[in-house]
2 protein chains.
Amino acid sequence: MGFGEETKAYREMIESALSGYIAGCGAPEQLKDAMEYSLKAGGKRLRPVLTLYVCDMLGGDVQRALPFACALEMIHTYSLIHDDLPCMDDDDFRRGRPSSHKVFGEANAVLAGDGLLSYAFDIMLKVMQKDFTPNALNAAIAVSRGAGVRGMVAGQVIDLASETADDPGIDQLRFIQDNKTAAMIKAAVLAGAYMAGGDEAQLDALSRYGDAYGVLFQMTDDILDVEGDFEGMGKTLGKDQQENKLTYISLYGLDKAKEIARETADEAIAAVDIFGERATLLRELAKSCLDRRS
Amino acid sequence: MGFGEETKAYREMIESALSGYIAGCGAPEQLKDAMEYSLKAGGKRLRPVLTLYVCDMLGGDVQRALPFACALEMIHTYSLIHDDLPCMDDDDFRRGRPSSHKVFGEANAVLAGDGLLSYAFDIMLKVMQKDFTPNALNAAIAVSRGAGVRGMVAGQVIDLASETADDPGIDQLRFIQDNKTAAMIKAAVLAGAYMAGGDEAQLDALSRYGDAYGVLFQMTDDILDVEGDFEGMGKTLGKDQQENKLTYISLYGLDKAKEIARETADEAIAAVDIFGERATLLRELAKSCLDRRS
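This write-up is about the structure you can find in this document. Per chain, the residues get numbers from 1 upward, laid out in the order the sequence is written. Going through the entries in the order they are written, you letter the chains from A and number the ligands from 1. Local features in a predicted model are, by the rule used here, given only for residues with pLDDT of at least 70; side-chain atom pairs are given and counted only at 80 or more, and totals for whole chains, interfaces and linings are based on all residues. Values reported for side chains reflect all heavy atoms of the structure, with hydrogen atoms and water molecules removed beforehand.

Let's shift gears to the overall build of chain A. Strands are runs of DSSP state E lasting at least 2 residues, helices are runs of H or I lasting at least 4, and numbering of each runs from the N terminus. When its secondary structure is counted, chain A shows 14 helices and 2 strands. Radius of gyration here is computed from C-alpha atoms only, and the compact-globule reference equals 2.2 Å multiplied by the residue count raised to the power 0.38. For chain A, whose C-alpha radius of gyration is 18 Å, the value lies close to the compact-globule estimate of 19 Å for 294 residues. Projected onto the principal axes, the alpha-carbon positions of chain A cover approximately 50 × 50 × 35 Å. Within chain A, the fraction of its 294 residues that count as buried is 59%. In this description, contact between two residues means that some pair of their heavy atoms is separated by no more than 4.5 Å. Within chain A, residue pairs in contact and separated by at least 24 positions form 73% of the contacts whose partners lie at least 6 positions apart. Of the accessible surface of chain A, which amounts to about 11,600 Å², a share of 47% is contributed by carbon and sulfur atoms. Relative accessibility under 20% of the residue-type maximum defines a buried residue, over 50% an exposed one, and the middle range a partly exposed one, all with a 1.4 Å probe and only protein chains included. Only the protein chains shown count as cover for residues, with accessible areas throughout obtained via the Shrake-Rupley method and a probe of 1.4 Å.

Residue and element names in this part refer to chain A. Inter-axis angles, ranging from 0 to 180 degrees, are taken between N-to-C directions of lines fitted to C-alpha atoms, where helices are fitted over the stretch in contact. At a closest axis distance of 8 Å, the pairing of helix H4 (residues 62–84) and helix H9 (residues 170–195) adopts a crossing angle of 170°. With respect to their mutual orientation, H4 and H9 come out roughly antiparallel. For the pair formed by H4 and H9, the contact residues are Arg-64, Ala-65, Phe-68, Leu-72, Ile-75, His-76 and Asp-83 on the first element and Lys-180, Met-184, Ala-187, Ala-188, Ala-191 and Met-195 on the second. In this classification, the charged set is Asp, Glu, Lys and Arg, the nonpolar set is Ala, Val, Leu, Ile, Met, Phe, Trp, Tyr, Cys and Pro, and all remaining amino acids, among them Gly, are polar. Among the residues making up the contact of H4 with H9, the classes are represented as 9 nonpolar, 1 polar and 3 charged. Every angle not falling under 35 degrees, over 145, or within 65 to 115 is termed oblique; those three ranges are roughly parallel, roughly antiparallel and roughly perpendicular.

Another point: the pattern of salt bridges. Residue and element names in this part refer to chain A. Only one rule defines a salt bridge in this text: a Lys or Arg side-chain nitrogen within 4 Å of an Asp or Glu carboxyl oxygen. Applying the stated criterion across every chain yields a total of 33 salt bridges over all chains. The partner of Asp-84 in a salt bridge is Arg-94, with the nearest N and O atoms 2.8 Å apart. Here Asp-84, found in helix H4, pairs with Arg-94, found in strand E1 (residues 93–94); they are 10 residues apart in sequence, far enough to count as distant. Owing to a relative accessible area of 26%, Arg-94 belongs among the partly exposed residues under this scheme.

This part takes up the nonpolar core. Across soluble globular proteins, nonpolar side chains show a tendency to be buried alongside one another. The biggest cluster of nonpolar side chains holds 213 residues, and the ones touching the most others in it are Leu-206, Tyr-213 and Leu-282 of chain A together with Leu-206, Tyr-213 and Leu-282 of chain B. Sequence-distant contacts of Tyr-213 of chain A, defined by excluding residues within four places in its chain, comprise Leu-46, Leu-50, Ile-185, Ala-268, Leu-285, Ala-286 and Cys-289 of chain A. What makes a nonpolar core is a set of buried Ala, Val, Leu, Ile, Met, Phe, Trp, Tyr and Cys residues whose side-chain atoms join them at distances within 4.5 Å.

For the rest of this paragraph, the subject is the relation of the copies chain B and chain A. To line up the copies, we fit them by least squares on C-alpha atoms, keeping just the residues with pLDDT of at least 70 in both. Each copy of the sequence occupies a distinct position, and chain B is placed on chain A by a rotation of 180° and an axial shift of 0.0 Å, giving an RMSD of 0.0 Å. Interpreted geometrically, this transformation is the action of a two-fold axis. Here 100% of the contact residues of chain B are again contact residues in chain A; the copies associate through an equivalent surface.

Structure, rendered in C-alpha cells:
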C-alpha cells in the first residue's frame, strides 16, 4: 500500500506539525475544536506524505516543505467538511466518526471549513514572511491552483451538476476527476518539488504523475464502491448513490473501467521514470491502486 | 456619506477590476455565474474603496493596491454568501435580490463562497509572482489575518455561539465586533497603507482607525436595525432576530449605545489626526455613521 513503515516518519512529522498549528492558531476554542476534530480524524495523509516524499526524493529539506504539506491537508479537510454537509453529499459519517455538522452543527461546520481554508493560506504566507524564496511562492501558487476555481472547487461544481445532468459523458467525467481529485494530488507533488528546488524536467514529470495518479486514485475509489458492494466488504455506496454517480463504470462497465485504471497506472509509473530508484513509493502507490481491496 | 462623487473614480476602478477578474478566473460557467452574481450585486465597496483611498492618501500607486482591494471584496462577498445560508442566518434576500442559495441552490452557494475565498488568495499570490515586494506580502498577510481564524471567521463563530449563550456580555460583544466586522475593515486600510509603503507610525494610526471605525460601522448597523424598526424605514430585523442579537443596545439600551457610538467615532477621527487634510474621507466616514438613517 505504500503507507506502512516507509512513510511512518513522514506521517509522524505531519501529525505533530498539524497539532502544533492547531494549538497555535489563535482561534476561539469552539472554532479550534471543530477544526481539530476533522483535521485529526486520522486520514492516511496521502497529500502531505506525497509533498514530503517528493521533497526528500529531490534532495530537499523536508522541514521546509512541511508547512505546505500541512496547508494541503487543511484544504483537503475543509473540502471534506463542506462535502459532507446536508446540502452537499449529506454524509453523517466520515472515517467512522460522526461528520463535523453532526457534532458541531451545520453553521459551525461551514465555518470550520472556512477557517481551515483561510488558515492554510495564512500558514503559507507566514512561511514567506519568515524567509521569502521564489520556490516557496511557487509552492503556494501550486497549492492555490489545486484548491481553487480552476482546481478542486471547479471539480466539485461540475460533479454536483453531473448528478442532475441529462446525459453526462466522458468529458464531464474527465473534468471532474482531473479537478476534484487530481488537482490537489498534483499540487502536493509540485509543492514538494518546488520546496526542493526541482528543475523544469522534474516538475513536468511530477505534474504528469500527479495528473495520472490522482485520476487513478479516484477511479480506484469508484471501482471499490462497486466491488465492495458485490463482495460485501470495504466501503460501499448505496445503490441510489451508485446510480447517480458518474464514473468510468457507469459509462463503460466494470471490466473496461479496470482496463482504463491499469492504463492510467502505467502512465503514472512511466511519468516518474526519470527519477529511477528514488521514486519507488510513487510507483508503489500507483501499483497498489490496482490491488486495493479496502 | 463619503460615498458620493469623491469615491466614484475608485468605485469605477473596482467594478472594472472585479469584472476582469471574474471574466478571467477560468472557472466553469456555473461557478463563475454564481461568484459573479454575488460579487456584482452592487454593494457600496466600502472595504476596497478604503484600500484605494488610503494608498492614494499615502502617495502610493492605487493600481498596485487594486488586486488587494478586489481580494478583500471577494472575501467579504464569500462571507455574505455563507452567512445567508439556511444553516446560518437563513436570509432569502441580500441587497434586495434573492440570496445566492435561493438562486443557485445551497450546495452551489457553499461552493461559490469557497471559490471566492480561494480566488482572493490566488489573486494576491499572483501579484507577488509577477513582482514580488515585501509590501505586497505584508498586504496579503493583513488580508489573511482579517479574514481568518483570528479575524472574521472567529467573529462569526462567537456571534453564532452568542445566540444560544445563557448570558452573553460585553466581552463577547467586543470580540464579535472586533473580529466579525472590524478585522476586515482594518485589513482594508492596512493593505492600502502597505501598498503605498506606509511607515510604522502611519500603519499604527490606520490600525487604530480600522479597529474603531470597524466597530462603529457595526454599532451603527445595530442602531439602524432598531431605529429603522421604530421609524418604519430603512433595513430592519424581525423582532425575533433583534431579541437574540447581542448588541450595545441589548446590553445598555439605545441612548447609551448611541453615546458609545459617538465616543467610538471620536476615537476613529483622532486616530487619523497625523494625516491632516489628507484623511478627510476617513473622518467623514466616521462622522456619517452618526447621521446614517438608511
